[in-house]
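So you can see what is in the structure, the chains are spelled out below.
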Amino acid sequence: WRTDGSSRLARENRWGNFWSLSGAWRVSSESFMKPLQNWLSDLKLRVSYGVNGTLPSSYYGYMGLSSLTSNYNDNPGITQSQLENKELTWETTTQYNLGLDFGFFNNRISGSIDIYKAETRDILMNRVIPSINGYASVMENIGKTESTGVDLTLSTVNIQNKNFSWFSDFSLSHNREKIKELASGQLKDEANAWFVGEPFKVFYDYKKEGIWQLGEEATAAANGQEPGDIKVQDVDGNGVITTDDRIIYSQRPDVTFGFNNTFNYKGFDLSVFLYARLGQWIAYDYNTTYRINALENGGNVDYWTPENPTNAFPRPNKSKSYTQVTYYSTLKYEDGSFFKIRDITLGYTFKPELLKHLNLSRLRVYATAKNFFTFSKIDNYDPEQGGSIS
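Residues numbered from 1 in each chain as written. Predicted model: local features only at pLDDT ≥ 70, side-chain atom pairs only at ≥ 80, totals over all residues. Heavy atoms only, no water.

Chemist: Looking at this model, I keep getting lost on the overall build of the protein. Mind explaining?
Modeler: Looking only at helices and strands, the protein has two helices and 22 strands in total. What you see for the protein is a C-alpha radius of gyration of 29 Å, clearly larger than the 21 Å of a compact globule of 390 residues, by over 25%. Projecting the C-alpha coordinates of the protein onto the three principal axes gives extents of approximately 75 × 65 × 55 Å. Within the protein, counting contacts between residues at least 6 apart in sequence, those at least 24 apart form 61% of the total. As displayed, the protein offers around 23,400 Å² of accessible surface, 52% of which is attributable to carbon and sulfur atoms. The protein carries 40 positive and 44 negative side-chain charges, and their two centres are separated by 10 Å. (Helix = DSSP H or I, 4+ residues; strand = E, 2+ residues; numbered from the N terminus. Rg over C-alpha atoms; globule rule 2.2 N^0.38 Å. Contact = heavy atoms within 4.5 Å. Areas by Shrake-Rupley, 256 points an atom, 1.4 Å probe, with all protein chains shown as cover. Lys, Arg positive; Asp, Glu negative; His and termini not counted. Charge placed at Lys NZ, Arg CZ, Asp CG, Glu CD.)

Chemist: Would you take a moment to explain the environment of Lys208 for this structure?
Modeler: Tracing the chain through its elements places Lys208 in strand β14 (residues 208-211). On a C-alpha basis, the gap between Lys208 and Asp335 in space is 13 Å, while along the polypeptide they are 127 residues apart. Not counting residues within four places of it along the chain, the set of residues in contact with Lys208 comprises Ile230, Lys231, Val232, Tyr249, Asn311, Ala312, Thr330 and Leu331. Of note is the side chain of Lys208, whose polar atom sits 2.8 Å from the backbone oxygen of Asn311. Within polar-contact distance, the side chain of Lys208 engages the backbone oxygen of Ala312 at 3.3 Å. (Polar contact = N/O pair within 3.5 Å; in protein donor to acceptor, adjacent residues only side chain to side chain.)

Chemist: Explanation requested: the packing of aromatic side chains in the structure shown.
Modeler: Within a pair of aromatic rings, the relevant descriptors are the distance that separates the centres and the angle that separates the planes. Taken as a whole and judged by the stated rule, the model has 20 aromatic pairs. Considering the side-chain rings of Phe203 and Tyr333, the 5.3 Å spacing of their centres and the 45° angle between planes classify their relative orientation as tilted. Of this pair, Phe203 sits in strand β13 (residues 202-205) while Tyr333 sits in strand β20 (residues 333-335); the two residues are 130 residues apart in sequence, bridging distant segments of the chain. The class of Phe203 is buried, set by a relative accessible area of 17%. Taken together, a centroid distance of 5.2 Å and an interplanar angle of 70° make the contact between Phe372 and Phe373 edge-to-face. A network of ring pairs unites the aromatic residues Phe203, Tyr249, Trp281 and Tyr333 as a single cluster. Note that Lys231 overlies the ring of Trp212, its terminal NZ or CZ placed 4.9 Å from the centroid. The side chain of Arg342 reaches across the aromatic face of Tyr275, ending 4.1 Å from its centre. (Phe/Tyr/Trp six-rings, centres within 6.5 Å; stacked < 30°, edge-to-face > 60°. Buried < 20%, exposed > 50% of the residue type's maximum accessible area, 1.4 Å probe, protein only. Lys NZ or Arg CZ within 6 Å of the ring centre and 35° of its normal.)

Chemist: I keep staring at the environment of Ser112 and nothing clicks. Help me out?
Modeler: If you trace the backbone, Ser112 turns up in strand β8 (residues 109-128). In this view, Ser112 contacts Arg46, Leu100, Asp101, Phe102, Asp151, Leu152 and Thr153; residues no more than four positions away in its chain are not counted. Here the side chain of Ser112 touches Thr153 through a polar contact of 2.9 Å, side chain to side chain.

Chemist: Where do I start with the side chain of Glu119 in this structure?
Modeler: With respect to the secondary-structure elements, Glu119 resides in strand β8. Residues contacting Glu119, with those up to four places away along its chain left out, are Thr92, Thr93, Thr94, Thr145, Glu146 and Lys180.

Printed below as a string of structure tokens:
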């Protein structure tokens, strides 16, 4: 049990109480497990419950602040820079966890499975507010989220003898996060892209279906467009594109996994680490590529012309800047799933007897390649850089 106080919060909301409780049962130590000890080396059941707290990142998050400023004539002045919120309090997370540790064949195969559920209340977020208030955002405790998931880890000793060994480590995580409540009982906050039932980190925009083609003039014109323009999905099917046709793209991956293998042969060692995230969306910004190559008619961008009826990029139009192209933002959303060989290291450790004359007790030389091989649907870009997990 701990009680914490912080001057990052107003005096009346400064203190928070946090506690946790956990217990475990090593089932493999019980007498009734003895008949299984030849192959079941370890079995332990764990359960835990706990509450912890998070503070605002700013030391003065609850205060109304002023800043020095000056105009073009270099006359000093003071302007208000942060809106006061003395109701700001601790963000608290309550988590339940059920875990199982296991080992087989004298722990040549070992691992754990954890199932968890976490609820976070009074989430600390900068909420976008109408600028008519004089501020663009304000720090608030907003709503409640729920996160459920499962983590699996597995370690194996595949081969181990005098000259050669091979060890493997595997991990897999699946997490589902969703907003349960928003401020004032709202079901959605479009300005911040927060929606009850969806993750906190999403994109909210239209979905590009392709490019309007010749022969679709009438349908395109009903939406104020023409062949060569970006065609977006009519989600509600009423024939007209409105703000109700926007969809939610989750930035959270469905599955994350890693797989590491270590090999040793006499003095040589080799490790190869594989990593992947599946089922996430990223915003891969095409702005520079499209502006330079398409609008200025250069490069090799696959943009639409009557002779090239592609569905990749809209037609060039020098009379518009790229930001004026209707539904231009839909070009940047990409399936950010990827698989990569994140680390390859090859080394050699010299035998001690070869080092005696050099007064060295140990010498190892190695070469490493990091993030060298990445496989995804996006060319020449590492989707992990645009992913959602910090």
